[in-house]
Amino acid sequence: MPPTFTGNARRFKRFLPEVLAFPWAAIRFDLYHTLRSELPDMTEIVALIVGAGRGHRFGGETPKQYARLDGEAVIKKTIAAFLAHPQVSSVQSVIPPDDRQMFDAAIGELSVRAPVAGGETRQDSVRLGLESLAELSPDMVLIHDAARPFIDAGVISRVIAALDTSAGAIPG
């Protein structure tokens, strides 16, 4: 079971920057959005795939989320893992504003929500991604780095299960 957060809204506010900075984390969207204590039944789960970085440490001219792995872009493999999970309703990607053509070419025919533009930092990009989901108002948001394609259904399921009893979860 992944480590989880428990506690009141004030403690959650202090915990949130850690969650937003972690490469793979999940939060209950309603706690992020309103910090209320009573939660509805969980049904709508969105994967927020954050790929707005440039990957300078990776090297090369192509950002690492668009690098090829077994003939496919890393970001496509990452998104496909979440789309294949039976509990994930949809995928929202966060990318640099100038990467739309590269993103569209990378994901091919995968059915995802239109990507949103990221910010200056990972935290800004996660925030912008979460804000883009406000109208959809999902019950859970799974936050995952676009350049980490080896996520499996078991980890996703365990994080979702952890969110049934906690405000946030990070796989361990």
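Residues numbered from 1 in each chain as written. Predicted model: local features only at pLDDT ≥ 70, side-chain atom pairs only at ≥ 80, totals over all residues. Heavy atoms only, no water.

**Description of the overall build of the protein chain**
Here's step 1: When its secondary structure is counted, the protein chain shows six helices and nine strands.
Here's step 2: Counting all 172 residues of the protein chain, 45% fall into the buried class. (Helix = DSSP H or I, 4+ residues; strand = E, 2+ residues; numbered from the N terminus. Buried < 20%, exposed > 50% of the residue type's maximum accessible area, 1.4 Å probe, protein only.)

**A few points about unusual backbone geometry**
Here's step 1: The backbone phi angle of Asp 70 is positive, close to 50°, even though this residue is not glycine.
Here's step 2: Positionally, Asp 70 belongs in the loop between strand E4 (68-69) and strand E5 (72-73).

**Describing the environment of Ile 75**
Here's step 1: Examined against the element boundaries, Ile 75 turns out to sit in helix H3 (residues 74-83).
Here's step 2: Given the relative accessible area of 0%, Ile 75 is considered buried.
Here's step 3: Beyond its immediate chain neighbours, meaning those up to four positions away, Ile 75 contacts Gln 65, Tyr 66, Phe 103, Ala 106, Ile 107 and Ala 146. (Contact = heavy atoms within 4.5 Å.)

**Some details on helix H5 (residues 122-132)**
Given 3.6 residues per turn, any residue in an α-helix points the same way as the ones three and four places further on.
Here's step 1: Along H5, the positions that sit buried rather than exposed are Ser 125, Val 126, Gly 129 and Leu 130. Seen along its axis, H5 keeps its buried residues to an arc of 135°; they face one direction. (Arc of directions from axis to C-beta.)

**Here's the deal with the pairing of strand E8 (residues 140-145)**
Here's step 1: Among the six residues that make up E8, six are buried, leaving the element largely enclosed by the rest of the structure.
Here's step 2: Of the two faces of E8, the one lined by Met 140, Leu 142 and His 144 and the one lined by Val 141, Ile 143 and Asp 145 are each fully buried.
Here's step 3: Two elements, strand E3 (residues 45-50) and E8, share six bridges in a ladder whose sense is parallel. Opposite Ile 45, over in E8, you have Met 140 as the bridge partner. (Pairing = 2+ DSSP bridges.)

**With respect to the environment of Ile 95**
Here's step 1: By the element assignment, Ile 95 lies in strand E6 (residues 90-95).
Here's step 2: For Ile 95, a relative accessible area of 3% translates into the label buried.
Here's step 3: Sequence separation between Ile 95 and Ala 146 is 51 residues; the distance between their C-alpha atoms is 9.2 Å.
Here's step 4: Residue contacts for Ile 95: discarding those within four places in its chain leaves Gly 51, Ala 52, Tyr 66, Arg 100, Phe 103, Pro 115, Val 116, Ala 117 and Gly 118.

**A look at the nonpolar core**
Here's step 1: Ile 75, Phe 82 and Leu 142 are the most contacted members of the largest nonpolar core, which totals 25 residues.
Here's step 2: Mapped by element, the contributors of at least two residues to this core are E3, H3, E6, helix H4 (100-107), E8 and helix H6 (153-163).
Here's step 3: The element contributing the most residues to this core is H6, with six residues. (Core = buried A, V, L, I, M, F, W, Y, C linked by side-chain atoms within 4.5 Å.)

**As for the confidence of the model for the protein chain**
Here's step 1: Here the protein chain averages 81 in pLDDT, while 70% of its residues score no lower than 70.
Here's step 2: Note on residues 7-11: pLDDT is under 50 here. Beyond four places in sequence and across chains, it has three contacts.
Here's step 3: Every residue in residues 32-42 scores below 50 in pLDDT, and together they form 22 contacts with partners more than four places removed in sequence or on other chains. (pLDDT = per-residue confidence, 0-100.)

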